[in-house]
Structure formats: structure tokens, C-alpha cells
Amino acid sequence: MIHRMPITRRAALAGLGTALAAPAIRPSFAQAAPIKVGVLHSLSGTMAISETALRDTVLMMVEAQNAAGGILGRRLEAVVVDPASNWPLFAEKARELLAVSKVDVTFGCWTSVSRKSVLPVFEELNGLLFYPVQYEGEEESKNIFYTGAAPNQQAIPAVEYLMGADGGEAKRIALLGTDYVYPRTTNRILRAFLISKGIPESDIMEEYTPFGHSDWQGIVSRVKRFAGEGKKTAIVSTINGDANVPFYRELGNQGIKAEDIPCVAFSVGEEELAGIDTRPLVGHLAAWNYFMSVQSPANTQFKAMWQAYIKNPRRVTNDPMEATFTGFKMWAQAVAQAGTTSVDAVRTAMYGQKVEAPSGYTEEMHRNHHLSKPVMIGEVQADGQFNIVWKTPTAIPAENWSPFIPENANRRRG
Amino acid sequence: MSLAVAPPVADARLRLGLRAGLGIFVLLLGIMPLLNLLPVTHPLHVSDFLVSVTGKWICYAILALSLDLAWGYAGILSLGHGAFFALGGYAMGMHLMRLIGPRGVYGHPVLPDFMVFLGYQELPWYWLGFDSFPFAMLMVLLVPGMLALIVGFLSFRSRITGVYLSILTQAMTFALMLAFFRNDMGFGGNNGFTDFKELLGFALNTSAARAGLFYASLVALVLSFLICLRLTRSKYGRVLTAIRDAESRVRFLGYNTTSHKLFAFVLSAMLAGLAGALYVPQVGIINPGEFSPANSIEAVIWVAVGGRGTLVGAVLGAFTVNGLKTWLTSAAPDLWLFVLGALFVAVTLFLPKGLIGLIKGRVQ
Amino acid sequence: MKHPVLILLLLCALALPARAQDAFTAGLTGLGTGFNQTAEAVDRLGASGDPRALPLLRALADGRLLRQADGTLLIRGDAGVQDALTNAAAEAAGAEPVRLNNRVRVALRGALGRLQLVSPDPADRQAAAEAVFRSRSAENVPLLDAALARETVPAIRARLALALAASRLMADDPQNKLLGVTALGATSSPEARAVLLEARATNPAIAAQIEEAVAAIDQRLAVRRAAETLFQGLSLGSVLLLAALGLAVTFGVMGVINMAHGEFVMLGAYTTFIVQEALRGIPMLAPWSLPLAVPAAFLVTAACGAAMERGLIRHLYGRPLETLLMTFGVGMMIQQSVRLAFGAQNREIISPPWMQGTLMLPGEIAVTQNRLWILVFSLVILGLTVAAIRFTRFGLEMRAVTQKRAIAASMGIRTGHMDALTFAFGSGIAGIAGVALSQIDNVSPNLGTGYIIDSFLVVVFGGVGSLAGTLVGAFGLGIINKILEPWAGAVLAKVFVLVAAMLFIQRKPRGLFAQKGRAAEA
């Protein structure tokens, strides 16, 4: 765990000159007050299934950073709270972290609604939140750094792939999603995109289900019927978390093979697949900005570090974890460069910050508070991992205000 | 269930004591926002966080009070009171959304942001009128009241009582939750409403606005308490308690039990709606999660913990459980569910009359 | 293997004299250099008909085909690594598996299908017929004609005929095309319909005949669809029935409101996981882990139920609402314990092969195997429950205690003991439901919360205390839900069903099968 730290230290030195180059191998952290890192992830309730791994990732990073001498010679201290998948409680806990615990930075949230709930609090109290999950865009707060993907970094490339020769030249698209803002907005963007590519409205099917939907028989047979109209069909799934296992089981049981109707998902990663027997699903796709199967030195280190921390050599990593990891490293670099944890100074230092991410690319934080990220498409393999079949040559910047939403033209700037 | 009979003298003195305790408590709450104005270094300074979280608890206390009126006095165990609370909150949320006006991200003069990016062309009809504060306040009371009237009328008329009514109301709030989760309903789906800017001309993200809302909630709590007190002490209240304890007998005595219960249920729903309306601008978000059946059960548990059938108990329970929850979700994020779960079990097993029963036992 | 391959060789030799050998080596070029090149190579190999192509393509499909940096292809088999061309033993060091994507898989399916049509294994031929149907092309017509002439298994013949018809449609001469249209129009398969619709766009000359054929298929499909909707409704009903059956005992018979019922279901699902992990190392028992989990789950949750009844619930008899609150607290604790013990992530339950895939009923009505088994299972469990209550000593005493406790006690029945047993019985059924639900839902700490409200509603809707009511209630709500779903969408359908059930209970507060007489007044 210690061997990966020189990168951080080097960046710190580059930013600071010699003034703070002092930290010894085992610093005592005697005088300075610790830097507080808030962790705002649900540990109980419906979102615990996804968010507990992110809590562990942050704790792992804090431990590693301390082992490497902390930042600015100060020790890091994690403040963990449980907002319990309850959105008003997210706002309350955010206020508590900022006003009572006085944290210097917070890593947290998974769902859009939790982020929307805490956003006014972070803006009012001028806090700093790192949000690590892919989302629908249409937001840009000066108090939030978005380290997950915007729609143009995930959804559109994936659909382009499906429509290309390698993806099977799909001509009809079934958009299936859980009924909330991310799928709705993403599908609105995709619909506009598909129409711009000459696909008629009648060849687009859109269907939404409640959270945790477990009975997919009807919808999957309707998709089969939709596919039976004589044109190559593909499914684009924005189905959320819990509902995926029953959905994929139904796909497998109704014999929908990737060769016939490929399904590309934006919310299914290694963690979700860990709960399913993936053999019937080989060849179905997912679009992310990172897969555990990425071959890069940074990823090898990341995986080793995670499995050692969690003491389970079979635990998987996934995209939001990588986004948390990258966000944390960027923040640590920015603090070292700014020489202070003051939010305004760190924010300025964040712009243009670069990290060799486990994705194997150099990711950069832009002034729109979003990361440039590579887009990758992976096929599900029998072992629950993804085989990367396509990726962008470089990391691409985020368009958090999608050009496919016409109203963005008269959006208020600033 | 001896709560219905006239209290003996000692009990009356105890009641007086409790009431005085409550008075002091309200007074303490009353000066909290003032203490917040003291410099941070002052020993009596109360933090922003504590003020805002207490404001939230006050709203919960109103909800507990309304539930106690229905359950503790009329014997209607509603597991759907969260729905009335949420409906009141939504009515207020719609008003707050309309007040954002062109300050939204997309600068649309009328439509809230979520409607703009979901491609709405015009405001749905049921959003009309919510730009007016009096209209919105009317809806805060009317919408939950109407729902309670319909559900209550149908159920009480067919003499659905006890557990059956609980399951029915639970299904009601569950159905509403599913419905409100739908984006096509025009209520913002899962995200609900956030990013409120102002209320009655005051910017919401200021200490002054928070103090104002805090006092409004406190006044509402005191008024609700007095209304409930007045009601339960009246002849009507006695009949209500009699219905709770032996409905058939009261009916045979010639009382129209349906209308008695209906009145209590509708009033209770309106109070819950009021609580929701005060809650939303303070927490800054309303979404369908508030309809979740677990929330309603939790509210029932506040009442049970405090002491069912005593108004002071309901208030006490709401503050105790929520205080514990706020503290424990930070102090013991992995274990707080055990503590709360054990508290519920212990209270039902060992303190059937709640904390108030415990205090009474001590005094006697 | 040798014999049919010879036939194939012969066939190919007739078709493409003296080119087979060259075509094979030429076909290999580019294999493994990129997805496009691989797919093209696979196409060429499939067309070559060379016997060496079959093991090579199979190895490619299974991920056993390796490629060295210099382009040498190796096959990893049970015996070790061999050179794909020379069959000589080779060194696998430095070789990378040839990667697949969906495009390569589509090509592979077509190529393997053509090569396997002559396989002696009926399963291979069935798969081949399927594959050739999907990768239809005019070139397949003579191949399929020959295969059809040889085939004796009726199911494969039907499939081959379909494949032949589809391939005919791709032919150049209109006569052949019309033959294809007629054959496809005689089926009731949506795939055939899709093929026809696809052909309509490119063949305006025979559009009218195609329309006719499609209409004929549509008619048969409508019947099929109705049958499938019915099955889906029954299946949803069976899930509701399983979830509610335990409640029908604890709530319906004993009047205990157990809000931790969903958590018992969840414990049953986790028991399934534990049994599966425990048997993983025992090859003899591992395939039977699911059936073995049924008694295990029953025992575990029944023990939990008995402990809960003796420890907590018995102090609250006569106070159902307090029981409700208390069990809610217990449920919170059980859920968090499981979350801390097993983690918040989903646990993987492996479905045995007989629970996977689709079963074709007569009339090509497709039913998914896992749901069919769960439907059967739910009815069996219901039957056993009824039998236990009707025909056993335990059932007799249980009914005696719930009907008239004092008299039962005076007859020498240990009523407290019976309460514990009854509650354990109901909880055990919840555990069994968990085993079944582990096959269709997430095994996570939140598993139970999704079912609790539906279960209570089913019990009340059917009539408290009546197992027949629970049965009819569960299937009724399930079927109504599935009929509404296509029109209203999944969310609104569920809302409608909830509202309808609520309104029904308003009209008939005692449910569908109301208990009459004294018991109903309790």
C-alpha cells in the first residue's frame, strides 16, 4: 500500500516546492489538527447494497494516505455517518458534517436525489463534495466535483457501438429503465440522438418500472415481441441496482442471447454481476469508464490495494469505486498544491488536476467540475468479469449540459 | 387502558407537573434560535445545525400529535399517516417550486426545472394556483383532509377496524408512494422537489428564514397541542375514547361512531399535512420516499415510545426517538438500527404506557 | 465422429471440388488479429466445410483457441495444448486467447451450425438447426435439404423445416421464395414472423403473400400470448402465495401481526446460500443443494420463529398492534444483523440446470422453467400446509387452541406449546418461500421488505383464516396485475391492483372467503 504513494508525494512536491517536503517516513502528526474527511454513504436501507463499498474505498484511501504521511504533514481522519438511504436525512447529515464535524471535504452520495438533497447545504455552507457515480448531467455546482460519467461519456458511445458493425447494427432500440430521473433524462437524450441518426419513433420502445421491480416476465416478452418485427433489435438498460438480478435472470431464462438481442447496461458493474450466474448472459454489454479487467499498472495497484484492505482476494472493484479512488487522489493532490484545505483554494487547485487513473488513462478535472474520462464497452464473461471490446482512444471531456436537450440553449450561465 | 376514566387527584397533580415540564420545554425551544445569535465562543451558543435539526423534530412532534389523536384517543391505528404528512409537504413543495420562477437552471418563466428537462410544454392543470401562498396553505390542509375523508368514510362505514384498518392504510401509502415515484405524474418522480429559493419573500438559506420557520413550527406545535387538548377534554373527546375502548357498546348507546371517528381522522390528517408543510422548507426536499410505509410505522413508534393516549407522550416520543436517531447515525453508523430496534422491542414489552408511563410510575 | 465427418467431406467435395483443403488454410488468415478479421475468417471456415474447422471453431467458441504472436494457432484441450493445423503438441507460453465479441459470436453460430448439421448427437443437430435458422442464407438450402432427408427426430425435423423455409426466402428464384413463405406462414413462431417481415421490405413482388402469412401467424400468436399472460399471472400469483402463506398461518390463524415476516423470508434465502456454499465441496450433493435447502430453511426459520414467539410475542397476546410495532423492531435488527454478517451485497445463488431456460408447451407456449417450478412448488407447499392443518394431530390441536383456548387446555393440550409450534410452522413456511424467491430475486438483506405489504394484502383480501382465500387472493391479484400491465405499465398496474384490493376490502371487510360464526368475531 505504501509503494503507490510516491506519485502523490511527487505531485505534492511539484506543487509546493520545498517548503513542505519534510514529512519523515513515520510522521508523528503531533502539532497539526487532523484533516477531516466526511463519508456520506448509506450503510443501511435500499442503497446500502451499492454504497457500503464506496465507504470502504474512502476509508482505504484515508488509511493509505496516512501511512504515506498524510497531507501537508497533517493526519487524515474519516468521519463516517449513515444517512440510511433516506433523502432528507442526507441533507441533515450533510449539514452535520459541515457545521458540527467541520469536515474539509466529503465523499458521498450515489443516487441523484441524494445529491440534489445535499446540494443546497453544500452551497450554503461552502463545502466540498466529491460525487463518484455516473448520472444524468444537467447540473454544475461550484461545490461539487463530479467524478462519474456524464451522458456523453457513457450512454451515447454505447448506443453508437450497438448501431455499428461490431455491435450488430441495431435498427430498433428498446429503452428499459427504472422510473427516475437518470433513466428518464438519459433516454430523452438517447431518443433525440437516435432520431438524429435516422431511426424513426416507431422503432424506439421505452418502458419504465418501479425501484426493485422483480417481475420482468411481461416486459421481457414484450421486448421479444418488439424484436420480432424483422429488424435487428438491441436493449439499452438504465435499470437500477436491485432490479437487475431478476431482469437478467429473466433474460437468461427466456433465452434472449446476446447474439440476437444484445443488451447494454449503464448501471450494471462487477458488484451487481457478483449476485448472478453470468453464464447465460455472456456477450451482453455494459458501458462504463472503468472495468476491473482493465490492464494498467494503476489498476493492478488499485485492485491489490482494495483486496488487501477488505481482506478478501475475491472482492471485485467497479466503476464508482474507481471514480472515488481517482477523486480522492485528485483532492489530495489539490490540497497539497494549494497548501491549505480551504474550500476556495482547493477548488481552484482542482481545475486542471491530473491523475493516472486505474482506467489506464490520464483523467483531468475541467472547469465544468467534471472529469475527462475514457469510455469503454465490455461484454459479460462467464466469470462475472467484463471483456473490453471497445474503448475510446483518449479520455473525453464531459458534456454535462447535453446538446440533445434543446432547452439547454437558453440555460442561464454561471 | 384506564386512560379514559377520570383521573384521581394524584394523577391530576402529575398531569399538572407534566404540563409545566412541557411549558418549560417549549420555552427552552423558544429561545434556541436566540441563543444561536450569540457568538460561537459563548458557552450558551446553539449551533446552526442544532437549530435546523430541532426545527425538523418539531414537525415530527406535530405528526406524532396528530397520530396520537387518531390512535391514542380514537383507536384508529393508521399506518398511513406518513402519506398525509407527505401530501401536505408536496402541496408546500409545489408552492416553493412555483416561487423559483425564472431563477431555475433553464430560466423558464413558469415551468420548474424537472419539467423543462423532461420535456413538458406547459404546466399540468393541478399545478395551477399553487403560486399563491393562501391557496397552497389551503391545499396543505384540504388534500390530506379529503383523502382521509374518503378513506375514513369508506372504512368506518364498513366497520373496518383494528389491524385491518392498519393494513389498509399501509396499502394506501404504499400505492401513493408507487404513484408519486412515476415521473409521468408531474411531481418530479423520485427526485421530488429540491433547490427551493424563497418563501413569502424570504430567502430560505439564511439563518433568519430558518428561525422564522422554526418559530412557525413551534407555534403550530403549541396550537395543535391546545386543539388536541381541548378536543380530548370535551364531551366529544370522551365519546371518542369510549369508541376506542368499546366501539359496539357506544354504537348501541345511540352514538354515530362513524362520524365521530371520521372527524378525528380527518382532523388528524390535516395536522399531519400541516406538519409536512412546515417540514419541507426546513429540510429542503420532498420526494416519494416520505410515503414509504416504514416512515409511517416509525411515526407510530414515536407515539408508542412516548406514551400512547397522552399528548405530552407523543411529543416526548417524537423528540426522543429522533434525537437518538440523529445522534446514533453519526456515533454508531453500523449499529444504530440495533439500538432503535431494541428500543422498540423494550418499550412494547416493558413500557406499555411508554416513557410517560415510566415517569408516572416514578412519581407515584 | 469420423463417419459423419466423412459424409460431410463427401458432400462438400461434391459442392466444391478440390478446393476444401485450400479454403481451410486460406480461411485461417486474419483469425485473431481483430474482431472483424476473426468474424470474416469464421465465415470462411464455416463455408469451407472442412472437417478440421469444427474442432477449431468449437475451441474458439469456448475460449480455448490461442494465438501466438507469430500467428500460430493453438487449441487447448483436455490433453494439453496442440497446434491447430498440425495437431502436434505445442507450448502455450506467450499465446493469448482469441477474443470474441457479439459479431464473432454471430458468425460462429452460423458456421458451427452448418458444420454440425451432420453431427450424430441429436442435441448438436438441434442447436445446429436453430443456428442455421438464425443465420439463414440461400447457400444453406441444399445442405438443409439433405439434412432434412436424413433427420428422424421429429422436433429437429420441425426446426430444420423452419430453417429451410427461412433460407429459401433468401434464395433468388421466386418459386423457392414462395415455398418459404408458405412454410413459415404455417408456423406460430414469432421468429418466423420476424423473418417474414424482414423479407417483405426486400421483396415487394410477393408482399401480398407475405402479409397473408403474417396475418395467419398473428392469429395463432394472439392465442399463445393470452396463454402466456395467464401463465405470467399465475407465476406472479405463486410468488405472492408463497410469501403470504406463512402469514396466513401466523396472522390468519393466530392473529399475530408479524412485521418481521419478510425478514424470515430473507433468512430462508440466506439459508439457501449457506447450504449451497457448504455443499460446494461435495460433488455428490452439490447439484441437490436447492432441494436440500428447503428443509434446512424450514428448520432455521422455524427455530427463529419459535424463539421469537416464546421470547417476545407471547407476552403481547391480545395486543395485536403492539405486536406489530415490536416485530417491526425485531425485523430491523434481523436485517442489520444479516447485513453485518454477510455484507450488503447480493449473494449469488446458482440455479440448477432444471431451473434454467424455457420449456415449450404444446402450441409453442413458452414458459420459463424456474417460474414453472416455483408455481408447482407453491401449490405443493400449500397442499402440505392444508394437509398438516387438516389431517395431523398437530393441526387438530392447533385448530382446537385457536378456536377455544380454554376448552383445548382443559382437554390437556399444552396451549403455550401449541402457540410456539404454530408460529414456528408459519415462520418455517416463510423460510421455504425464501428458498423459492432466491431463484428469482436478489438475495440481499432487503429481500423481505418488498413482499410484506403485498403479503398482508393478499391474506386480508382472501379472508383472514382461510387458506383457500389466500390461494384465490394470490392468484387473482397476480393475474389482474399481469392483464393490466401491458396497458398501464408496471407501476400503474400495481397501483391499480392495490387500490382495487383496498376498495374490495371496503365492500367485504372480511375478505373473499369470510369466516362465519364465532371465530369471525374474535
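Residues numbered from 1 in each chain as written. Chains lettered and ligands numbered in written order. Predicted model: local features only at pLDDT ≥ 70, side-chain atom pairs only at ≥ 80, totals over all residues. Heavy atoms only, no water.

Draft legend 1. Structural context of the pairing of strand S10 (residues 285–288) of chain A. All names here are of chain A. Side chains Leu285 and Ala287 of S10 all project onto a buried face; the interleaved residues Ala286 and Trp288 project onto the opposite face, where all are buried too. Sheet analysis places strand S9 (residues 263–265) next to S10, joined by 2 bridges and oriented parallel. Looking at the pairing, Val264 lines up with Leu285 of S10. Taken together, the 4 bridges between S10 and strand S13 (residues 376–380) define a ladder with antiparallel strand orientation. Note on S13: the bridge partner recorded for Trp288 is Met376. (Buried < 20%, exposed > 50% of the residue type's maximum accessible area, 1.4 Å probe, protein only. Helix = DSSP H or I, 4+ residues; strand = E, 2+ residues; numbered from the N terminus. Pairing = 2+ DSSP bridges.)

Draft legend 2. Seen up close, the nonpolar core. With 344 residues, the main nonpolar core has A:Trp331, B:Phe193, C:Leu57 and C:Phe251 as its most contacted residues. Ranked by residue count, the leading element in this core is helix H2 (residues 48–73) of chain B, at 17 residues. (Core = buried A, V, L, I, M, F, W, Y, C linked by side-chain atoms within 4.5 Å.)

Draft legend 3. Structural context of the interface of chain A and chain C. At the interface, 54 residues of chain A touch 51 residues of chain C. Roughly 4,200 Å² is buried in total at the junction of chain A and chain C, and carbon and sulfur atoms are behind 40% of that figure. The tally of links between chain A and chain C comes to 7 salt bridges. Measuring nitrogen to oxygen at the nearest pair gives 4.0 Å for the salt bridge that ties C:Arg371 to A:Asp215. (Contact = heavy atoms within 4.5 Å. Buried area = accessible area lost by both parts, 1.4 Å probe. Salt bridge = Lys/Arg side-chain N within 4 Å of Asp/Glu carboxyl O.)

Draft legend 4. Main features of helix H6 (residues 122–134) of chain C. Residues and elements named next belong to chain C. Across its 13 residues, H6 extends 18 Å between first and last C-alpha, which sits within 8% of the 18 Å expected from 1.5 Å per residue. Those residues of H6 lying buried are Asp124, Arg125, Ala128, Ala129, Ala131, Val132 and Phe133. Structurally, H6 contributes buried residues whose contacts are with helix H4 (53–61), helix H5 (102–116), helix H7 (140–150), helix H8 (154–169) and helix H10 (190–202). (Expected span 1.5 Å × (residues − 1).)

Draft legend 5. Representation of the UniProt feature "transmembrane region" (unreviewed entry) in chain C. All names here are of chain C. Here, the residues flagged by UniProt with the feature "transmembrane region" (unreviewed entry) are residues 234–257, 288–308, 372–391, 420–440, 452–480 and 487–505. Helix makes up 86% of residues 452–480 and strand makes up 0%, while its end C-alpha atoms are separated by 19 Å. Along residues 487–505 the backbone is 100% helical and 0% strand, and the end-to-end C-alpha distance reaches 25 Å. (UniProt positions renumbered as here; feature names shortened; annotations may be inferred.)

Draft legend 6. Up close: the interface of chain B and chain C. Opposite the 39 residues of chain B that make contact, chain C presents 39 residues. Interface area for chain B against chain C, summed over the two sides, is near 3,600 Å², with a carbon-plus-sulfur share of 82%. Counting across the chain B and chain C interface gives 0 salt bridges. At the boundary of chain B with chain C, the tally comes to 3 residue pairs in polar contact (both at pLDDT 80 or more). Those elements that place two or more of their residues in the side of chain B that touches chain C are helix H5 (133–157), helix H6 (162–181), helix H11 (293–306) and helix H13 (336–350) of chain B. By residue number, the principal contributor to the side of chain B that touches chain C is H6(B), which donates 12 residues. Taken together, the residues that form the side of chain B that touches chain C break down as 31 nonpolar, 6 polar and 2 charged. (Polar contact = N/O pair within 3.5 Å; in protein donor to acceptor, adjacent residues only side chain to side chain. Nonpolar A, V, L, I, M, F, W, Y, C, P; charged D, E, K, R; others polar.)

Draft legend 7. Representation of the state of the cysteines. Residue and element names in this part refer to chain B. Inspection of every chain in the model, using the stated rule, returns 0 disulfides over all chains. Distance from the sulfur of Cys59, which forms no disulfide, to the nearest cysteine sulfur (Cys228) is 15 Å. The class for Cys59 is buried, based on a relative accessible area of 0%. (Disulfide = S-S within 2.5 Å.)

Draft legend 8. Structural detail: unusual backbone geometry. The phi angle at A:Lys102 is positive, at roughly 50 degrees, despite the residue not being glycine. You can see A:Lys102 is positioned in the loop between helix H3 (87–100) and strand S3 (105–108). A positive phi is found at B:Asp195, a non-glycine position, where the angle reads about 60 degrees. Judged by relative accessible area, which is 27%, B:Asp195 ranks as partly exposed.

Draft legend 9. Inspection of the side chain of C:Arg125 at higher detail. Looking at where C:Arg125 falls in the secondary structure, it is placed in helix H6. Excluding residues within four positions of it along the chain, C:Arg125 makes contact with C:Gln116, C:Leu117, C:Ser119, C:Pro120, C:Glu151, C:Val153 and C:Ile156.

Draft legend 10. Just the packing of H10(C) against helix H11 (residues 207–253) of chain C, in detail. Residues and elements named next belong to chain C. Where H10 contacts H11, the two axes come as close as 10 Å, and the packing angle between them is 155 degrees. Relative to H11, the element H10 is oriented roughly antiparallel. You can see that H10 and H11 cross each other, and the crossing is left-handed. On the side of H10, the interface is formed by Pro190, Ala192, Arg193, Leu196, Leu197, Ala199 and Arg200, while H11 contributes Ala207, Ile210, Glu211, Ala213, Val214, Ile217, Asp218, Leu221 and Arg224. For the contact of H10 with H11, a count of residues per class yields 11 nonpolar, no polar and 5 charged. (Axes fitted to C-alpha atoms, helices over the stretch in contact; angles between N-to-C directions. Parallel < 35°, antiparallel > 145°, perpendicular 65-115°, else oblique. Left-handed = near helix turned anticlockwise from the far one by under 90°.)

Draft legend 11. Looking closely at the domain arrangement of chain C. What the domain assignment reports for chain C is domain 1 (2–210) and domain 2 (239–448). In this structure, domain 1 of chain C and domain 2 of chain C have C-alpha centres spaced 49 Å apart. (Domains from an automatic or database assignment.)

Draft legend 12. Quick look at the sheet that holds strand S2 (residues 73–77) of chain C. Residue and element names in this part refer to chain C. Reading across from one edge, S3-S2-S1-S4 is the order of the 4 strands in this open sheet, with antiparallel pairing throughout. Because the sheet does not close on itself, it has two edges, and the strands there are strand S3 (80–83) and strand S4 (96–97). In this structure, S2 lies alongside S3, joined through 4 bridges in antiparallel fashion. Its bridge partner being in S3, Ile75 is matched across the sheet by Gln82.

Draft legend 13. Inspection of the pattern of salt bridges at higher detail. All names here are of chain C. In the structure shown here, the tally under the stated rule is 47 salt bridges over all chains. Of the charged contacts in the structure, one is a salt bridge between Arg310 and Glu309, with a shortest N-O distance of 2.8 Å. Overall, Arg310 belongs to the partly exposed group, its relative accessible area being 30%. Classification of Glu309 by relative accessible area gives buried; the value is 0%.

Draft legend 14. Inspection of the packing of aromatic side chains at higher detail. Applying the stated rule across the entire model yields 47 aromatic pairs over all chains. Plain terms: the ring middles of A:Phe107 and A:Trp331 are 6.3 Å apart, the flat faces sit at 85 degrees to each other, and that makes the pair edge-to-face. Of the two residues, A:Phe107 sits in strand S3 while A:Trp331 sits in helix H11 (residues 319–338), which places them 224 residues apart along the sequence. With relative accessibility at 2%, the residue A:Phe107 sits in the buried group. Judged by relative accessible area, A:Trp331 falls into the buried class, the value being 1%. Here a set of aromatic residues connected by ring pairs shows up, and it is made of B:Tyr90, B:Phe114, B:Trp125, B:Tyr126, B:Trp127, B:Phe180, B:Phe187, B:Phe193 and B:Phe291. Sitting above the plane of the A:Phe226 ring, A:Arg172 keeps its charged end 4.0 Å from the centroid. (Phe/Tyr/Trp six-rings, centres within 6.5 Å; stacked < 30°, edge-to-face > 60°. Lys NZ or Arg CZ within 6 Å of the ring centre and 35° of its normal.)

Draft legend 15. Region of interest: the sheet that holds S9(A). All names here are of chain A. One open sheet holds the 7 strands; their spatial order is S7-S6-S8-S9-S10-S13-S14, and the pairing between them is mixed. On the outer flanks of this sheet lie strand S7 (204–209) and strand S14 (386–391), each paired with one strand and no other. For this sheet, the mean inter-axis angle between neighbouring strands, taken without regard to orientation, is 25 degrees. Packing of helix H5 (residues 155–163) onto the sheet brings it into contact with strand S8 (233–238), S9, S10, S13 and S14, and relative to S8 it is tilted by some 165 degrees.

Draft legend 16. Representation of the pairing of S8(A). Residues and elements named next belong to chain A. Here S8 lies mainly inside the structure; 6 of its 6 residues are buried. Along S8, one buried face is formed by Thr233, Ile235 and Ser237 and the opposite face, lined by Ala234, Val236 and Thr238, is buried too. Bridge analysis of S8 against S9 gives 3 bridges, and the strand direction is parallel. Residue Ile235 lies in a different strand from S9, and its bridge partner there is Cys263. Following the chain from S8 across helix H8 (residues 244–253) to the adjacent parallel S9, one finds a crossover that is right-handed. (Right-handed = clockwise from strand over helix to strand, strands pointing away.)

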